[in-house]
Every structure is written in C-alpha cells, then in structure tokens.
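Chain by chain, the residues:
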Amino acid sequence: MKVLLNGLRWAYPLLPVKTKSTKGVGQFKMTKFSVFTMLCVLSACIVCSQTSAADSHAVVDAQLRTNQQKHGIPGQAVLVLHNNDILYRNASGTTALGDGVPVTPNTVFPVYSVSKLFAITLAMQLHEEGKLDIAAPASRYVENLPHSWRNIRIDQFLNHVSGIPEYFDSNNFSRPFPPSLAAVFANLKDLPLLSAPGERTRYTNTNNLVIAAVLESVTQTSYRTLLRQRIIEPLELNETWLDLADVPKDRLVESYRAKGGQIVPDLSIAWPDYSAAHVGAFMTLDDAGKFMSAVAQGHLVSKSELLRLWQPYQFANGTVGFFAAGWDYGESSRWREVGHDGGTKVRVRILFDDNLDNHYVIVYLTNGNNDGVWSSTLVNSVQNLILPK
C-alpha cells in the first residue's frame, strides 16, 4: 500500500516529502538474478497495493452512496489522509437540488463553525510564543469585558465552560446584530452568567468573540489580517474565503437543512464582520485538508504543544468536558480525536494514538440533508472503514 500511496503524496509547499539518501549505493553489487528477483517482488507488491487501494476506495465509495441515499444529502466531498498520504479523495452529488452541477473536489462549501479552528489555532500559536497565557483571565488583555466576566480564564472561553450567554437570538435572525464587538460586550454587561465559570459546558459563539478580542489586543492587529498573515498566506490556502462576496458563485454549493423530514433551503444570515472568529469561512475540500494536515504535522503549533493542549477540560467533580483547548475531543479505541463540526453539515477531524507521528485526517463536507443527521455520524462511517483494526 505504501508504495502506491507515495505516488499520491500531496504537494504542499509547507509539507515537504522526505526522501531517502542515495549515499553509498555504489558500494553494492547486484547479480542479474538478484535484480530479476527484486523486480519480481516489487511488481507483485505494486499489484497487491493497487488492488488493496482500489478495494479500499470502492468500500468508501459504497459507504458514501449509502450515506447520500439514507440521509438525503444533495452533495458531498470527502478526503482522508494518513500522515501526508492521500487514502481517499472523492465527491458525489450536485451543488444544488434541481439545477445544480456535479460536486467535485474544487466545489466550495461553507464550513460554518469549523471557522472557529482558525481563531483557536491562532490562540495556541500565541500561547506557545509566550505572547498570551491561556490560563490567565481574558480581562488581562481585553479591558471592556463585562464585569462578571473579569475572572474567567481564556481556556474557559476556549472550552465553552465560561457560562457567558449567546450574543444573538438563534430563534430570530431577523433582529439586527450589534454593530461592533464593543457593542456586543456592552449589550451583555448586565446579563447574568448562564452558569458559574468552569461548572459545565455551554456552547456559545460569544466565547470565540472573546478569543478574537484577546488576539487583536495582544497583536494590535485585526483578526482577519492576523488570520491571513499567520495561516492563510503561509499555507497558501488560495481556495479559502472569509466573505461570501468573494466566493466564485459558479463553484459554491446551495445549502440546505432538514425540516419535518423534508430538505429545505438553509437560513440566509447576514453575519456581521466581527463574526469571522466563529463562522463565515468558505473552503474547498483540498484547502480544508491542507489546513488540518498542517496542524497535525506541527507546522502551525508544535506537536509537543498540541499534545499538551489537547487534553479535555477537567471539571472539579472529576468529569471532563467535550472540548480540548477549543477542539472537539473524543476517544475511539486507541485513537484520540480532535476536530470540529460546522453547522451539523461538515466536520474535520484528526485522529492520533500516542503521538502525532502517526495520524489520520478526515474532512467530510456536505450541503445538507433531509433527516438532520449529525456530521459526526458521517465521519464515523468513514473512520470505521479506514482505521487499522
């Protein structure tokens, strides 16, 4: 398998392929018989690898067809990497119901809350560089936080255990959003916490707005500029957009949601500019894979720092939360899982065992479904096929 997969390596500018040195080759002499024997063995290995790879690809293809039919998914794109090798890369379905075009790996999907991983990764970077302390209160860096938030630590905001309320009404998106981040904090200053900091997990997008405010304060740079300088441009994420107006419309999917067993067009939400820290990115399959692979290989935050930070939040009663430094966290047999969902429709995940030298990346993008299937169910269906037994 490895022989074939080495021919499928992804050519990332920041993820060079390691080659073995040819030093000392001239010291060995090979007889005609040994050369012939080696070629026979190599040919057999290649044939076996090609068959195995083809079989594996067919099995995943079949699972995606099952997912599409069972859950009424209009279009989907899936990528699986083992370290830097492509194990699977394919797309199916259409970009829209009725008049859509076939989905390909170049199709653009909204990734919703997967956008949070950019802000989270930036916070991890600055923490590793010693520019911020995630164990410190966010108010050390941001002065205009509500008074009741003053002692809440950055890691508690990251892990959604801060207890702070949501900054918008998810049941009424027709109401205008606050005009600025400062206005968000001002609007929430008199509202009580939903729970005591560190008491329980309460997922809110407001947590990521606090993280963005910390990042801007520490770097004296706008969040969007910081994201471009530290992640998008270094990784050459040329197929990633932060604004809908910039996305090539002929490659963008129509998004749908489940309602009463039917599939209907998704809500159209005019997110404010500052919401980029928690929503609003658009990506192709390959760019999402490139970002996740760069994370897993320690190109944005060192592997040792990732392993230290990727520990689930510990509550005082001995239980653990659902997040590890802002990443969804789970365990499956010997594998640890970190990643994030986006709008219930898309999910990215890194799986690793004792260390990140052996890891898998799964990216599963869809544009909706008719039964409300959770993205983790889709990823698990592929994960169960590709992980070593």
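Refer to the preceding data block for the structure.
Residues numbered from 1 in each chain as written. Predicted model: local features only at pLDDT ≥ 70, side-chain atom pairs only at ≥ 80, totals over all residues. Heavy atoms only, no water.

**Overview of the packing of aromatic side chains**
- Evaluation of the coordinates by the stated rule reveals 16 aromatic pairs.
- Every member of this aromatic cluster is reached through a ring pair, and the members are Tyr167, Phe168, Phe173, Phe177, Trp271 and Tyr274.
- A cation over an aromatic ring shows up here: lysine 345 above the ring of tyrosine 112, its NZ or CZ 4.9 Å from the ring centre. (Phe/Tyr/Trp six-rings, centres within 6.5 Å; stacked < 30°, edge-to-face > 60°. Lys NZ or Arg CZ within 6 Å of the ring centre and 35° of its normal.)

**Examining the sheet that holds strand S12 (residues 359–366)**
- The antiparallel open sheet is built from 7 strands, whose spatial order is S2-S1-S12-S11-S10-S9-S8. Of all strands in the sheet, those bounded by a partner on one side alone are strand S2 (85–93) and strand S8 (323–324).
- Sheet analysis places strand S11 (residues 346–352) next to S12, joined by 6 bridges and oriented antiparallel. Its bridge partner lying in S12, arginine 349 is registered against isoleucine 362.
- Helix H8 (residues 285–296) rests against strand S1 (75–82), S2, strand S9 (327–332), S11 and S12 of the sheet, and its axis sits at about 155° to S12. (Pairing = 2+ DSSP bridges. Helix = DSSP H or I, 4+ residues; strand = E, 2+ residues; numbered from the N terminus. Contact = heavy atoms within 4.5 Å. Axes fitted to C-alpha atoms, helices over the stretch in contact; angles between N-to-C directions.)

**Observations regarding the nonpolar core**
- Counting 83 residues, the largest nonpolar core has Leu215, Tyr223, Phe291, Trp310, Trp327 and Ile350 as the members making the most contacts within it.
- Ranked by the residues each element gives to this core, the list is headed by helix H3 (residues 116–128), at 8 residues.
- The contacts of phenylalanine 291, once residues within four sequence positions are left out, are Leu117, Phe118, Thr121, Ile231, Leu235, Leu237 and Leu300. (Core = buried A, V, L, I, M, F, W, Y, C linked by side-chain atoms within 4.5 Å. Buried < 20%, exposed > 50% of the residue type's maximum accessible area, 1.4 Å probe, protein only.)

**Considering the pairing of strand S5 (residues 256–259)**
- Note: S5 against strand S6 (residues 262–265), 4 bridges, orientation antiparallel. Bridge assignment links lysine 259 to a residue of S6, and that residue is glutamine 262.
- Counting the residues in the hairpin turn of S5 and S6 gives 2 residues, including glycine 260, whose phi is positive at 60°.

**As for unusual backbone geometry**
- The residue tyrosine 112 is not glycine, and still its phi comes out positive at about 50°.
- Along the chain, the position of tyrosine 112 falls in the loop between strand S3 (108–110) and H3.
- Judged by relative accessible area, tyrosine 112 falls into the buried class, the value being 17%.
- At glutamine 220, a residue that is not glycine, the phi angle is positive and equals roughly 55°.
- Counting through the fold element by element, glutamine 220 comes out in the loop between helix H6 (206–219) and helix H7 (223–232).
- By relative accessible area, glutamine 220 is classed as exposed at 68%.

**So, the side chain of threonine 107**
- Note on placement: threonine 107 falls in the loop between S2 and S3.
- At 2.9 Å, the side chain of threonine 107 forms a polar contact with the backbone nitrogen of threonine 104.
- Among all residues touching threonine 107, those that are not within four sequence positions of it are Thr95, Pro102, Arg251, Val253, Met283, Thr284 and Leu285. (Polar contact = N/O pair within 3.5 Å; in protein donor to acceptor, adjacent residues only side chain to side chain.)

**Digging into the sheet that holds S3**
- Read across the sheet, 3 strands follow the order S3-S7-S4 without closing on themselves; strand pairing throughout is antiparallel. The sheet terminates laterally at S3 and strand S4 (240–241), the two strands that pair on one side only.
- Relative to strand S7 (residues 282–284), S3 runs antiparallel, the two sharing 3 bridges. Bridge assignment links valine 108 to a residue of S7, and that residue is threonine 284.

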